[in-house]
Amino acid sequence: MTTVPGEDRSTQQSCVTRGAEPEQDHPEVLRAAMIDELWRMNAIRSDRVATAFAQVDRHVFAPGVPLHEVYAPTTAVKTKYDEHGAPTSSISAPQIQAFMLEQANIQPGMHVLEVGSGGVNAAMMAELVGKTGSVTTMDIDPEITDRAHRFLDAAGYSRVRVACGDAEHGLPGTGPFDAILVTVGFWDIPPELTRPCPVSDLGG
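Treat the numbers as computed from the prediction; the structure is a model and nothing was measured. Residue positions are given per chain, counted from 1 along the sequence in the order it is written. In keeping with the model being predicted, local features are shown solely for residues with a pLDDT of at least 70 and side-chain atom pairs are shown and tallied solely at 80 or more, while totals for entire chains, interfaces and linings include all residues. Think of the side-chain values as coming from all heavy atoms in the structure, minus any hydrogens and water.

### Here we look at the packing of aromatic side chains
Here's step 1: Put simply, two rings from Phe, Tyr or Trp (the six-membered ring, in Trp's case) pair if the centres are within 6.5 Å, and we call them stacked under 30 degrees between planes, edge-to-face over 60, tilted for the rest. For the coordinates displayed, the defined rule picks out 0 aromatic pairs.
Here's step 2: The criterion is that NZ of a Lys, or CZ of an Arg, lies within 6 Å of the ring centre and within 35 degrees of the ring normal, and then a charge sits over that ring. The positively charged end of arginine 150 is found above the aromatic ring belonging to phenylalanine 151, 4.9 Å away from the centroid.

Next comes the structure, spelled out in structure tokens:
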């Protein structure tokens with residue numbers, strides 16, 4: 001801290017910190033710590049995926065949720081509950097997202113589909129495919145797709161296509177996809193998803 005000559009240090013400290021958010025609670029600090037931990041856990045294994053995590057503001061997709069929870073490496077953020085209070089939708093934990101992105105090996109120029117629309121994963125996929133690629137995220141619940149669309153726009157990822165539909169029947173008018181990431185519970189893999197994409201590129 002720079003001290004102004006003749007100014008009392010205690011007064012200056014008070015002026016600087018009063019009403020300020022502690023540095024360790026800043027999104028940038030929490031995001032950097034999250035990425036460091038994901039490297040340590042071997043969830044992140046490439047600079048490209050690390051950069052994608054660094055570019056996306058996770059907290060934009062989870063308004064009202066404490067920042068330390070949003071950026072916790074192993075915590076899934078619940079975003080929707082049923083009438084009994086049981087969670088029905090969430091933003092996957094960073095650890096799971098990192099594993100999936102590394103496994104999918106998404107490259108610039110790819111056309112990628114995500115089934116299950118939390119928003120954050122689609123944003124990171126958009127970072128990985130770059131301007132020459134495309135990302136489509138779909139979900140069967142219109143409330144979830146509306147939410148994803150709104151937050152993707154707010155975070156600067158309006159180029160991600162958000163679609164409402166049942167992935168069991170595919171997504172007419174799209175594809176073929178170079179990779180498909182499934183972030184929802186499936187009893188099995190619908191044939192409509194495997195036809196336009198090599199099985200080795202399916203995430204789970």
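So, next bit.
### Quick word on the nonpolar core
Here's step 1: The set of buried Ala, Val, Leu, Ile, Met, Phe, Trp, Tyr and Cys residues whose side-chain atoms join them within 4.5 Å is what this entry labels a nonpolar core. Only protein chains enter the accessibility calculation, which uses a 1.4 Å probe; a residue is then buried when its area is under 20% of its type maximum, exposed when over 50%, and partly exposed in between. Counting residues in each nonpolar core, the largest one holds 40 residues, and the members touching the most others are Phe53, Leu101 and Ile106.
Here's step 2: Of all the secondary structure elements, the ones that give two or more residues to this core are helix 2 (27-40), helix 3 (47-55), helix 5 (94-104), helix 6 (120-129), helix 7 (142-154) and strand 6 (179-182).
Here's step 3: With 8 residues, helix 6 is the largest single contributor of residues to this core.
Here's step 4: Contact between two residues is taken to exist if any of their heavy atoms lie within 4.5 Å; hydrogens are not considered. For isoleucine 106, the residues in contact, after removing those within four places along its chain, are Arg48, Leu101, Val112, Met125, Leu128, Val129 and Leu181.
Here's step 5: Core analysis: the second largest hydrophobic core is formed by 9 residues, Leu113, Leu171, Phe177 and Ile180 among them. Helix and strand definitions follow DSSP, with helices as H or I runs of at least four residues and strands as E runs of at least two, each counted in order from the N terminus.

### Some thoughts on helix 7
Here's step 1: By this rule, a helix spans an expected 1.5 Å times one less than how many residues it contains. If you check helix 7, its first and last C-alpha atoms are 18 Å apart, about what 13 residues at 1.5 Å a residue would give, namely 18 Å.
Here's step 2: The complete set of buried residues in helix 7 reads Ile144, Thr145, Arg147, Ala148, Phe151 and Leu152. Looking straight down helix 7, one finds its buried side chains confined to an arc of 160 degrees; they lie on one side. Looking at helix 7, the residues exposed on the side facing more than 90 degrees away from the buried face are Glu143, Asp146 and Ala154.
Here's step 3: N or O atoms within 3.5 Å of each other form a polar contact, as long as, within protein, one can give a hydrogen and the other can take it, and as long as residues adjacent in sequence are counted only when both atoms are side-chain atoms. The opening residue of helix 7 is aspartate 141, an N-cap whose side-chain oxygen sits 2.9 Å from the backbone nitrogen of glutamate 143. Read the arc as the range of directions from the helix axis to the C-beta atoms.

### Details of the side chain of asparagine 121
Here's step 1: Looking at the element boundaries, asparagine 121 is found in helix 6.
Here's step 2: Judged by relative accessible area, which is 3%, asparagine 121 ranks as buried.

### Observations regarding unusual backbone geometry
Here's step 1: Its identity as a non-glycine residue notwithstanding, asparagine 42 has a phi of 65 degrees, on the positive side.
Here's step 2: Within the secondary structure, asparagine 42 is located in the loop between helix 2 and helix 3.
Here's step 3: Since its relative accessible area comes to 45%, asparagine 42 is described here as partly exposed.
Here's step 4: Phi is positive for asparagine 105, close to 55 degrees, though the residue is something other than glycine.
Here's step 5: Along the chain, asparagine 105 turns up in the loop between helix 5 and strand 3 (111-115).

### Structural notes on the pattern of salt bridges
Here's step 1: A pairing counts as a salt bridge when a side-chain nitrogen of Lys or Arg comes within 4 Å of a carboxyl oxygen of Asp or Glu. Across all of its chains, the model carries 2 salt bridges by this definition.
Here's step 2: The closest approach of N and O atoms between arginine 31 and aspartate 57, which form a salt bridge, is 2.9 Å. Separated by 26 residues along the polypeptide, arginine 31 in helix 2 and aspartate 57 in the loop between helix 3 and helix 4 (67-70) bring together distant segments of the chain.
Here's step 3: Taking relative accessible area as the criterion, arginine 31 reaches 9% and is therefore assigned buried.
Here's step 4: Between glutamate 37 and arginine 40 there is a salt bridge, and its shortest N-O distance comes to 2.6 Å.

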